[in-house]
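Read off the chains here:
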Amino acid sequence: MIRGGRPYGEDAQDVLLVAGRIAAIGTDLDAPEGTDVIDADGCIVLPGLVDLHTHLREPGGEEAETVESGTRAAARGGFTAVHAMANTTPVADTAGVVEQVARRGDSAGWCSVRPVGAVTVGLAGERLAELDAMANSRAKVRVFSDDGKCVHDPVLMRRALEYVKSFDGVIAQHAQDPRLTEGAQMHEGVVSAELGLAGWPAVAEESIIARDVLLAQHVGSRLHVCHLSTAGSVDIIRWAKQRGIEVTAEVTPHHLLLTDENVRQFDAVFKVNPPLRTAEDVQAVRDGLADGTIDIVATDHAPHPRDAKDREWDQAAMGMTGLETALALVQLTMVDEGRLSWRDVARVMSEKPAQIGRDEDQGQALAPGSPAHVLVWDPRPVRIADPDQHASLSRNSPFAGLELPGLNRLTVLAGRPTVRDGEVVER
């Protein structure tokens, strides 16, 4: 029994979970004998969060993250499902690899793991991977992405979009023209010029998005744009949706807050792809998320071992961890600023990601009969972000020392508590 919490931030009610389902929601509910009663006074009750863009690194990158450690981090962040990206070693481009990732997720048990399949063999951008075999495997893959690399060949991208139509799949594009970003180290602009670093221009993202939304329109297929980061990209997605093109887009928590000014510190923890953009871009993506142009928030959780970041800027790996700070950052940038309600948060961090990923068990409304994937979030505490206390194996969070709002009081996966008061519940 979750006693006295506020579903979607609205009036206080009790939520009774029985046998992995929501049994009842109401006021002054009776708790059957033996019920575990959780005092949720003043807390927000939401459906468990769903991340459409997580790097779990396993197989092949276990020094940075494993399915076990990554899903523990996800549970601490309030997630009950993550979609694991394909850029592992070996690449998740066959039914065998995606089934291995799914089995590891089932074995870990901290949250549901849905593998993302590669679009091309080895992420090489030369020929299509076994899309149909992955879709019909035990993993039931519905999201395909070469994330980390762009499917740059327009003919190959068209064929991929055509192929996934047969099983209602979606291509999730990493929008980056490789010729325009060769050797790029940060956002191209005033700061890059002053620092003498090779720039990653906004047009390199925007040109790929413009091409792909037109291809999606031509083919009549679903396109998802990963980690959108520029004002121009928001404009293109808005235009495409006005034309009825079936496109969705995500923004990361770090692109809602950080800017290229952070790079002046030359701390590689701020090195990420796509790069941190300008304050004007941050404003635009916040506006886009608030008005529904951007559909979801996705973490792009990208753990790296310490030695991959503790080196000269141009040699350091790109990427940031994000699972354990995502909801706090959305509260800080969007909820506390009056841009999103808690019901909106449920939409962009649970319901819509599950819909895009065709994960029917996740992201369902808080209602009797729904699966008991639930988050109880207390928005009142303020804490100092400390990556050394994270469950992730990696520490490359750019938010160390930042005051962040909120605390995860409870994550429930299929009726079983996985996190209480911010700490993983050991089985």
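In this text, all values refer to a predicted model and were calculated from it rather than measured experimentally.

Asker: Please set out the sheet that holds strand β9 (residues 143-144) residue by residue, giving values where relevant.
Answerer: Taken together, five strands build an open sheet; the order of strands is β9-β10-β13-β14-β15 and the sheet is parallel. Each of the sheet's edge strands pairs with one partner strand only, and the pair in question is β9 and β15 (296-297). Of the pairings in the sheet, the one linking strand β13 (residues 223-225) to strand β14 (residues 247-251) comprises three bridges and is parallel in character. Paired with L223 across the bridge in β14 is V247.

Asker: Talk me through the pairing of strand β10 (residues 170-173); I want residue IDs and the actual numbers.
Answerer: Where burial is concerned, the two faces of β10 agree: the one with V170 and A172 and the one with I171 and Q173 are both buried. Relative to β10, β9 runs parallel, the two being bridged by two bridges. Pairing of F144 across the sheet is with I171, part of β10. For the crossover that starts at β9, traverses helix α4 (residues 154-164) and ends in the parallel β10, the hand is right-handed. In terms of strand pairing, β10 meets β13 through three bridges, oriented parallel.

Asker: Could you give me a rundown of the pattern of salt bridges, with the residues and numbers involved?
Answerer: This model, assessed by the stated rule, comprises 24 salt bridges. Between E324 and R76 there is a salt bridge, and its shortest N-O distance comes to 3.7 Å. Of this pair, E324 sits in the loop between α9 (306-309) and α10 (326-335) while R76 is found in helix α1 (residues 67-76), placing the two residues 248 residues apart along the sequence. Grouping residues by exposure puts E324 and R76 together as buried. Close ionic contact of R277 with E205 constitutes a salt bridge, the shortest N to O distance being 3.7 Å. Of the two residues, R277 sits in the loop between β14 and α8 (279-290) while E205 sits in helix α6 (residues 202-219), which places them 72 residues apart along the sequence. The same class applies to R277 as to E205, namely buried. When salt bridges that share partners are traced, they join D378, R380, R409 and D421 into one network.

Reading the values: rules and limits
- Along every chain, residues carry numbers that run from 1 in the direction the sequence is written.
- Where local features are concerned, this predicted model is filtered to residues with pLDDT of at least 70; where side-chain atom pairs are given and counted, the filter is 80 or more; whole-chain, interface and lining totals use all residues.
- Calculation of side-chain values draws on the structure's entire complement of heavy atoms; hydrogens and water are dropped beforehand.
- One requirement defines pairing of two strands: DSSP has to find at least two bridges between them.
- Put simply, DSSP H or I for four residues or longer makes a helix, DSSP E for two residues or longer makes a strand, and each gets a number counted from the N terminus.
- Relative accessibility thresholds used throughout: buried, under 20% of the residue-type maximum; exposed, over 50%; partly exposed, between the two (1.4 Å probe, protein chains only).
- Throughout, right-handed denotes a crossover for which the path from the first strand over the helix to the second runs clockwise when the strands point away from the viewer.
- The rule for a salt bridge is simple: a side-chain nitrogen of Lys or Arg has to be within 4 Å of a carboxyl oxygen of Asp or Glu.

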